[in-house]
Amino acid sequence: MKRTLIWLLDNVSFAGLLWFGFVFNHSGAHNVAVFLIYFKFIGSFVSHSDAVKQLYIAKGKHPVPTWLDELVDGAIVAFLAWHGEYWYATMFLIHVINMGMLPLAIKRHQEAAP
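Everything quoted here is computed from the prediction, not taken from an experiment.

K.L.:
What exactly am I supposed to notice about the environment of Thr 66 here?
P.N.:
Looking at the secondary structure, you find Thr 66 in helix α4 (residues 66-82). With 34 residues separating them in the primary sequence, Thr 66 and Gly 100 have C-alpha atoms 9.0 Å apart.

Structure, rendered in structure tokens:
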């Protein structure tokens, strides 16, 4: 339950930053949203390290259904593309793909472990 609430808070606050930054042109919200896009983009590549895989294994199952997480991420990509932010939409899409591949990478990591 706690992890689900954290996921919800994370996604609602990120959506709020996107909305106020890109729709209402609030520069502070725009800057934080862009920073988070870059942060998530770079972090998605780091997430495939062995240490992070072990952390994901220890935490267990994702707090929400995969389809819901992918639906929210797809809506964010569509929102960014709708507003002409193709570079940010592409970066976020790469983040979504990398994070979507993480369970497969973890499974391969577990199979390779002695």
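Still more ground to cover, so stick around.
K.L.:
Teacher, can you tell me more about the packing of aromatic side chains here?
P.N.:
Where two aromatic rings form a pair, the distance of their centres and the angle of their planes describe that pair. According to the stated counting rule, one finds 8 aromatic pairs in the structure shown. Relative to Phe 79, the ring of Phe 22 has its centre 6.3 Å away and its plane inclined at 80°; by these criteria the two rings are edge-to-face. With Phe 22 in helix α1 (residues 2-23) and Phe 79 in helix α4, this residue pair connects regions lying 57 residues apart in the sequence. Here Phe 22 matches Phe 79 in class, with each residue buried. Taken together, Trp 19, Phe 20, Phe 22, Phe 24 and Phe 79 form an aromatic cluster joined through their ring pairs. For Lys 40, the ring lying beneath its charged end belongs to Phe 14, and the centroid distance is 4.8 Å.

K.L.:
I'm lost on the environment of Lys 53 in this one. Help?
P.N.:
Of note, Lys 53 is situated in helix α3 (residues 50-59). The exposure class of Lys 53 is buried, given its relative accessible area of 11%. In this structure the C-alpha to C-alpha distance between Lys 53 and Phe 22, which are 31 residues apart in sequence, comes to 34 Å.

K.L.:
Just to check I follow, could you spell out the nonpolar core for this structure?
P.N.:
One finds Leu 18, Phe 22, Ile 37, Leu 80, Tyr 88 and Phe 92 to be the most contacted residues of the largest nonpolar core, which totals 16 residues. Among the elements of the structure, α1, α2 (27-46), α4 and α5 (86-112) are those that each provide at least two residues to this core. For this core, the element with the highest residue contribution is α5, accounting for 5 residues. Those residues in contact with Ile 37 that lie beyond four places of it in its chain are Phe 14, Leu 18, Leu 80, Tyr 88, Met 91 and Phe 92.

K.L.:
Looking at this structure, how should I read the layout of surface pockets?
P.N.:
One simple way to see leftover space: roll a probe sized like a water molecule over the atoms. The volume enclosed by the largest pocket comes to roughly 1200 Å³. Looking at the largest pocket, it is lined by 32 residues, and the ones nearest its centre are Trp 7, Tyr 56, His 62, Asp 69 and Met 99. When residues of the lining of the largest pocket are traced back to their parent elements, those giving at least two are α1, α2, α3, α4 and α5. The element best represented in the lining of the largest pocket is α5, accounting for 8 residues. Residue classes in the lining of the largest pocket are distributed as 15 nonpolar, 9 polar and 8 charged.

Conventions and cut-offs
- Residues numbered from 1 in each chain as written.
- Predicted model: local features only at pLDDT ≥ 70, side-chain atom pairs only at ≥ 80, totals over all residues.
- Heavy atoms only, no water.
- Helix = DSSP H or I, 4+ residues; strand = E, 2+ residues; numbered from the N terminus.
- Phe/Tyr/Trp six-rings, centres within 6.5 Å; stacked < 30°, edge-to-face > 60°.
- Buried < 20%, exposed > 50% of the residue type's maximum accessible area, 1.4 Å probe, protein only.
- Lys NZ or Arg CZ within 6 Å of the ring centre and 35° of its normal.
- Core = buried A, V, L, I, M, F, W, Y, C linked by side-chain atoms within 4.5 Å.
- Contact = heavy atoms within 4.5 Å.
- 1 Å grid on protein atoms, 1.4 Å probe; cavity = no way out; pocket = protein on both sides within 12 Å on 5 of 7 lines; lining within 4 Å.
- Points joined across faces, edges and corners; volume = space filled by probe spheres on them.
- Nonpolar A, V, L, I, M, F, W, Y, C, P; charged D, E, K, R; others polar.

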